[in-house]
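Chains, contacts and geometry: an overview
Below are the chains, spelled out letter by letter.
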Amino acid sequence: MASVSLKNIYKVYAGNVTAVSDFNLDIEDKEFIVLVGPSGCGKSTTLRMVAGLEEISSGELYIGERLVNDVAPKDRDIAMVFQNYALYPHMTVFDNMAFGLKLRKVPKAEIKARVEENAKVLDIYHLLNRKPKALSGGQRQRVALGRAIVREPKVFLMDEPLSNLDAKLRVAMRTEITKLHQRLQTTFIYVTHDQTEAMTMGTRIVVMKDGFIQQVDSPQNLYDYPANLFVAGFIGSPQMNFFDVVLEKEGGEVYAKFGNNKIMIPPSKLAKFADEGIIKTTANRLTKSGDEGVSGREVIMGIRPENIHDEDVFVQAAPTAVVNCMVEVTELMGSETYLYLTTSGKEGNIIARVNPRTTSRAGQSIQVAFDVNHLHFFDKETEQTLLTR
């Protein structure tokens, strides 16, 4: 088993095209780390540098205590599972799984024992004599995993291994890979563009954009405390709703105004604004000296769909957090309903995730209540969060 450490890693291609910039990450032994981000963000390039398939332009890469910048891929004691499975079409499943062990001159009896044991674990024992063309996508993916497992490497690298599977099979294979990690107790580095995979599988998630790390944290902390606007919008499905708002003080309270709507910001959020030096407060109330710091300030407010409620009990209980909306579309998902809403001062739809028994229907004018304890605020210029933990 081994830890992995990337220190000031850069990848620059010909023409001075930088794919990865100043990547710093310490991965502990037995961790399941997920690199996630949109296409072209540098996550697969980073994984390939760990594998040795891409040369590191600058920086240091350690596997365990060993500097491996100039170590050949075959000598790094890692195993990689590719998006397209990369199975040998002319070999049986047994031979595909055994290939790496044969190259290492492992005794035949040990090869047979390892392959059969792992084939049983992955439920492909009955397929050992078949060739890849006779297998389904899920079975091929299991063979690719089995080929990696039998080598017993220090680190597993997986590059979007489930992207070619249908939705139902992806869910099943997510569970299988998580159970596999728990059984093997080995370091996993997993690349995906699917934030649902990242949230359900990783012990920690690395969110990337344009070659830079945006945030590294546990799935729940990424969801609850996004460091910036990009992370807030990328993590979560449906994504967080964003509003361009103006902060205004009225009668000792601070409101976020957009169009004809205004939401009162609770004392807990004001206290955090004060901690960040955005406003000055005394006992969670604005002082006169703080008025100039908040009045007229434009910020971005965010709220997740599940924190918007259309039930009367919520609307009546929070009169200072009510927004007048028009229902454009309703999507019944079985266990929940998505409402696509419009309101003044907001370009595009607001998405609310509500009770499946909602009475709201397309074409209706309704009121919704925001849960103000779950509001997020971001600086309009830097896009960094204004509310730290």
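Please refer to the structure placed before this passage.
Everything in this summary refers to the structure shown in the same document. Keep in mind it's a predicted model, so treat the numbers as computed, not measured.

How each quantity is defined
- All chains use their own residue numbering, which begins from 1 and follows the written sequence.
- Only residues with pLDDT of at least 70 are given local features in this predicted model, and only at 80 or more are side-chain atom pairs given and counted; all residues enter the totals for whole chains, interfaces and linings.
- The side-chain numbers reported here are obtained from all heavy atoms of the structure, hydrogens and water having been left aside.
- Secondary structure elements are defined from DSSP: runs of H or I of at least 4 residues count as helices, runs of E of at least 2 residues count as strands, and each element is numbered from the N terminus.
- We call a residue buried when its accessible area falls under 20% of the maximum for its residue type, exposed when it is over 50%, and partly exposed in between, using a 1.4 Å probe and counting protein chains only.
- Contacts were defined at the residue level, with two residues in contact if any of their heavy atoms lie within 4.5 Å.
- Areas reported here follow the Shrake-Rupley algorithm with a probe of radius 1.4 Å; residue values treat only the protein chains shown as occluding.
- The criterion for an aromatic pair is that two Phe, Tyr or Trp rings (for Trp, the six-membered ring) have centres within 6.5 Å, with stacked assigned to planes under 30 degrees apart, edge-to-face to planes over 60 apart and tilted to the rest.
- Placement of a charge over a ring requires the Lys NZ or Arg CZ to be within 6 Å of the ring centre, with the centre-to-atom vector within 35 degrees of the ring normal.
- DSSP-based pairing: two strands are paired if at least 2 bridges between them are found.
- Note on geometry: axes are lines fitted to C-alpha atoms, helical ones only across the stretch in contact, with angles between N-to-C directions running from 0 to 180 degrees.
- A helix's residues, less one, multiplied by 1.5 Å, set its expected span.
- Any carboxyl oxygen of Asp or Glu that lies within 4 Å of a side-chain nitrogen of Lys or Arg is treated as forming a salt bridge with it.
- Within this scheme, the nonpolar core is defined by two criteria: the residues are buried Ala, Val, Leu, Ile, Met, Phe, Trp, Tyr or Cys, and they are joined through side-chain atoms within 4.5 Å.
- Polar contact is the term for a pair of N or O atoms within 3.5 Å; when the atoms are in protein, one must be able to donate a hydrogen and the other to accept it, and sequence-neighboring residues count only if both atoms are side-chain atoms.

Moving on, we come to the overall build of the protein chain. Check the secondary structure of the protein chain and you find eleven helices and 22 strands. Once the C-alpha set of the protein chain is aligned to its principal axes, its extents read approximately 80 × 45 × 40 Å. Evaluated residue by residue, the protein chain yields a buried proportion of 48% over its 389 residues. Taking contacts inside the protein chain between residues at least 6 apart in sequence as the whole, the part at least 24 apart equals 66%. Surface accessibility of the protein chain: about 18200 Å² in total, with carbon and sulfur atoms responsible for 48%.

What follows covers unusual backbone geometry. The bulk of non-glycine residues show a negative phi, and the bulk of peptide bonds are trans. For the bond from serine 237 to proline 238, the omega torsion is -5 degrees, close enough to zero to count as cis. In this fold, proline 238 is placed in the loop between α8 (229–234) and β11 (241–250). Located in the positive-phi region is asparagine 8, a residue other than glycine, with phi close to 50 degrees. In this structure, asparagine 8 sits in strand β1 (residues 4–13). The backbone of aspartate 123 sits at a positive phi, close to 60 degrees, despite the residue not being glycine.

Okay, the environment of tyrosine 88 next. Along the chain, tyrosine 88 falls in the loop between β6 (78–81) and α2 (93–103). Take tyrosine 88: its relative accessible area is 31%, and that puts it in the partly exposed class. Tyrosine 88 sits 40 residues away from leucine 128 along the chain, and the two C-alpha atoms are 14 Å apart. For tyrosine 88, the residues in contact, after removing those within four places along its chain, are Asn96, Phe99, Pro132 and Arg147.

Turning next to the packing of aromatic side chains. Tallied over the full model, the rule gives eight aromatic pairs. Consider the rings of phenylalanine 242 and phenylalanine 378, whose centres lie 6.1 Å apart with planes at 75 degrees: the pair is edge-to-face. Of the two residues, phenylalanine 242 is situated in strand β11 and phenylalanine 378 in strand β22 (residues 376–379); the sequence distance between them amounts to 136 residues. Through a chain of ring-to-ring contacts, three or more aromatic side chains come together here, namely Phe32, Phe156, Phe188 and Tyr190. Lying over the aromatic face of tyrosine 255, lysine 262 brings its terminal NZ or CZ to 4.8 Å of the ring centre.

Across the sheet, which stays open at both edges, the six strands sit in the order β6-β7-β8-β3-β9-β10 with mixed pairing between neighbours. Strands at the two margins of the open sheet, each flanked by one partner only, are β6 and β10 (212–217). Strand after strand, the sheet turns through a mean of 15 degrees between neighbouring axes, direction not considered. With five bridges joining them, strand β3 (residues 32–36) and strand β8 (residues 187–192) adopt parallel strand pairing. Of the residues in β8, the one forming a bridge with valine 34 is tyrosine 190.

Moving on: the pairing of strand β4 (residues 58–63). One ladder, built from five bridges, connects β1 with β4; its direction is antiparallel. Bridged to tyrosine 10 within β4 is serine 58. A loop of two residues connects β4 with strand β5 (residues 66–67), the two strands running antiparallel in sequence, and glycine 64 in this loop sits at a positive phi of about 70 degrees.

Here we take up helix α4 (residues 137–149). For α4, with 13 residues, the first-to-last C-alpha span of 18 Å sits near the 18 Å given by 1.5 Å per residue. The element α4 is largely enclosed, with a buried count of ten among its 13 residues. Of the positions making up α4, those classed as buried are Gly138, Gln141, Arg142, Val143, Ala144, Leu145, Gly146, Arg147, Ala148 and Ile149. Packing partners of the buried residues in α4 comprise β6, α2, α3 (108–121), β7 (155–159) and α5 (167–184).

This part is about the pattern of salt bridges. With the rule as written, the count across this model stands at 15 salt bridges. Lysine 102 is paired through a salt bridge with aspartate 95; the nearest N and O atoms lie 3.2 Å apart. Here glutamate 306 and arginine 353 are joined by a salt bridge, their closest N and O atoms 3.6 Å apart. Here arginine 353 lies in strand β20 (residues 350–354) and glutamate 306 lies in the loop between β16 (297–303) and β17 (308–309), a separation of 47 residues in the sequence. Relative accessible area serves as the criterion here: at 24%, glutamate 306 is assigned to the partly exposed category.

Judged by nonpolar contacts, the single largest core of 45 residues is most densely connected at Met97, Leu145, Ile177, Tyr190 and Val207. Here this core gets five residues from one element, more than from any other, and that element is α4. Those residues in contact with leucine 145, other than ones at most four positions away along the chain, are Val81, Leu122, Met158, Met173, Ile177 and Leu180. Counting 30 residues, the second-largest nonpolar core is a separate cluster that includes Phe243, Leu247, Ala352 and Val372.

Another point: the environment of arginine 114. Mapped onto the fold, arginine 114 is located in helix α3. Placed 204 residues apart in sequence, arginine 114 and alanine 318 show a C-alpha to C-alpha distance of 62 Å. Beyond its immediate sequence surroundings of up to four residues, arginine 114 is in contact with Leu101, Val150, Arg151 and Glu152. A polar contact is formed between the side chain of arginine 114 and the backbone oxygen of valine 150, at a distance of 2.5 Å.

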